[in-house]
Each structure stands twice: as C-alpha cells, then as structure tokens.
Amino acid sequence: MDVKSKVTKIMSGQPTGILATIRNQKPHSCYMMFFHEDVTLYAATDRQSKKLSDIEANNAVHVLLGRNGTSWEEEFIEVEGTASVENNAELKKQFWNENLGRWLNGPDDPNYVLLKITPKHIYYVEKAGVVQPEVLTF
C-alpha cells in the first residue's frame, strides 16, 4: 500500500485527534473531530472559538491522528500544515453529524465554521520506535 493510501485510511478510520495551534507564543492543543477530502483535513468549530484567533495570529498547525492508546504497535500520522476558516455551506452540510450538536445547533448555525487544514507534510508512522516515518510533502 502506498503512503497516501495509508494516510487516508487513518483519516477515515480515526476521526478524533489532536489539533495544536499557537496561543500567546505557546503551543495549545485540543481534541477535535476531523473530516477529510483527499488529504485536506477539516474540523468543525464555533465562530467564537479561541482557535480562530490563534489561527488568525499564526496559521501554522499540527494534527495527530490514528492512535487509540491501546498498543505501541498502532499506526498514526502527524500533519504539519496551515489552517484557514472555511464557511462553505455545502461543505458544512457534508461534514455535519449529530455529534456536533453538543456545540452547534445544526449545519445552518451561523456560528458553525470549519477549520480547513492544508497539509505541507504528512508523516506516517507504522508503530512506535520507527525512526524514519514515510512522508508526503506538498
């Protein structure tokens, strides 16, 4: 299986991951629910989220996806990229699911926006201890 197929398999199979932004010149991480088109990631958030001001000040982000924490043998990916705010109504409907109802009132909620994460590098790590991950560079 080629590295891009391995990456998209993880993106499809493990939607919960960690998004790191820069806040007050320090890393800030939070769990997010991720969606994807090809290798571009999207995450739903509230327009009032501090993540948006983080990204406005510095759009460099880092995402971890894939590990369940049950074994050192689990594969995962690290995504280095840039984030932007996406307000496309069709994409918001496409990615909406009822789990988002904890934070938002539906796909037409005016506070619902997507973070679009455009990758620069994606590192695929087959398991803990791998010294040289496979890399996709864009």
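For the structure itself, look to the data block above.
Here's what I pulled together on the structure shown here. Predicted, not measured: the structure shown is a model, and the values here were computed from it.

Here is what the cut-offs are and how they apply
Residues numbered from 1 in each chain as written. Predicted model: local features only at pLDDT ≥ 70, side-chain atom pairs only at ≥ 80, totals over all residues. Heavy atoms only, no water. Helix = DSSP H or I, 4+ residues; strand = E, 2+ residues; numbered from the N terminus. Rg over C-alpha atoms; globule rule 2.2 N^0.38 Å. Buried < 20%, exposed > 50% of the residue type's maximum accessible area, 1.4 Å probe, protein only. Arc of directions from axis to C-beta. Contact = heavy atoms within 4.5 Å. Polar contact = N/O pair within 3.5 Å; in protein donor to acceptor, adjacent residues only side chain to side chain. Core = buried A, V, L, I, M, F, W, Y, C linked by side-chain atoms within 4.5 Å. Pairing = 2+ DSSP bridges.

With that settled, consider the overall build of the protein. Along the protein, the regular secondary structure elements total three helices and seven strands. For the protein, the succession of helices and strands along the chain, N to C, is α-β-β-β-α-β-β-α-β-β. Computed over the C-alpha atoms, the radius of gyration of the protein is 15 Å, within 12% of the 14 Å expected from 2.2 N^0.38 for a compact globule of 138 residues. Evaluated residue by residue, the protein yields a buried proportion of 41% over its 138 residues.

Among the residues making up helix α1 (residues 3-13), those that are buried are Val3, Lys6, Val7, Ile10 and Met11. The buried side chains of α1 occupy one side of the element, clustering within an arc of 135° when seen end-on. Seen from the open side of α1, the exposed residues pointing more than 90 degrees away from its buried face are Ser12 and Gly13. Packed against the buried residues of α1 are β2 (26-37), β3 (40-46), β4 (60-65), β5 (76-86), β6 (112-125) and β7 (134-137).

In this section: unusual backbone geometry. Its identity as a non-glycine residue notwithstanding, glutamine 25 has a phi of 65°, on the positive side. Tracing the sequence through the fold places glutamine 25 in the loop between β1 (16-23) and β2. For aspartate 38, which is not a glycine, the phi torsion comes out positive at approximately 55°. Note that aspartate 38 resides in the loop between β2 and β3. Residue aspartate 38 is classed as partly exposed on the basis of its relative accessible area, which comes to 48%.

All right, on to the side chain of arginine 23 then. Examined against the element boundaries, arginine 23 turns out to sit in strand β1. Within polar-contact distance, the side chain of arginine 23 engages the side chain of histidine 28 at 3.0 Å. A polar contact of 2.9 Å, which involves the side chain of arginine 23, links it to the side chain of aspartate 54. Aside from chain neighbours lying at most four places away, what touches arginine 23 is His28, Lys50, Lys51 and Asp54.

Further remarks concern the nonpolar core. If you look at the biggest cluster of nonpolar residues, it comprises 25 residues, and the most contacted ones within it are Val7, Leu19, Phe34, Ile77 and Ile117. Only α1, β2, β3, α2 (50-57), β4, β5 and β6 provide two or more residues apiece to this core. Per-element tally for this core: the top contributor is β6, with five residues. In this structure phenylalanine 34 touches Pro15, Gly17, Ile18, Leu19, Leu41, Tyr42, Ala43, Val63, Leu65 and Ile117, once residues within four positions along its chain are discounted. In terms of nonpolar packing, the next biggest core, distinct from the first, is built from eleven residues, Tyr42, Ala44, Phe95 and Trp96 among them.

The buried count for β3 comes to six of seven residues, which makes it a mostly enclosed element. Bridge count between β2 and β3: four bridges; the pairing is antiparallel. The residue of β3 that forms the bridge with histidine 36 is leucine 41. Hairpin geometry of β2 and β3 is characterised by an intervening segment of two residues between the two adjacent antiparallel strands and by a positive phi of about 55° at aspartate 38. Pairing analysis gives six bridges linking β3 to β6, with the strands arranged antiparallel.

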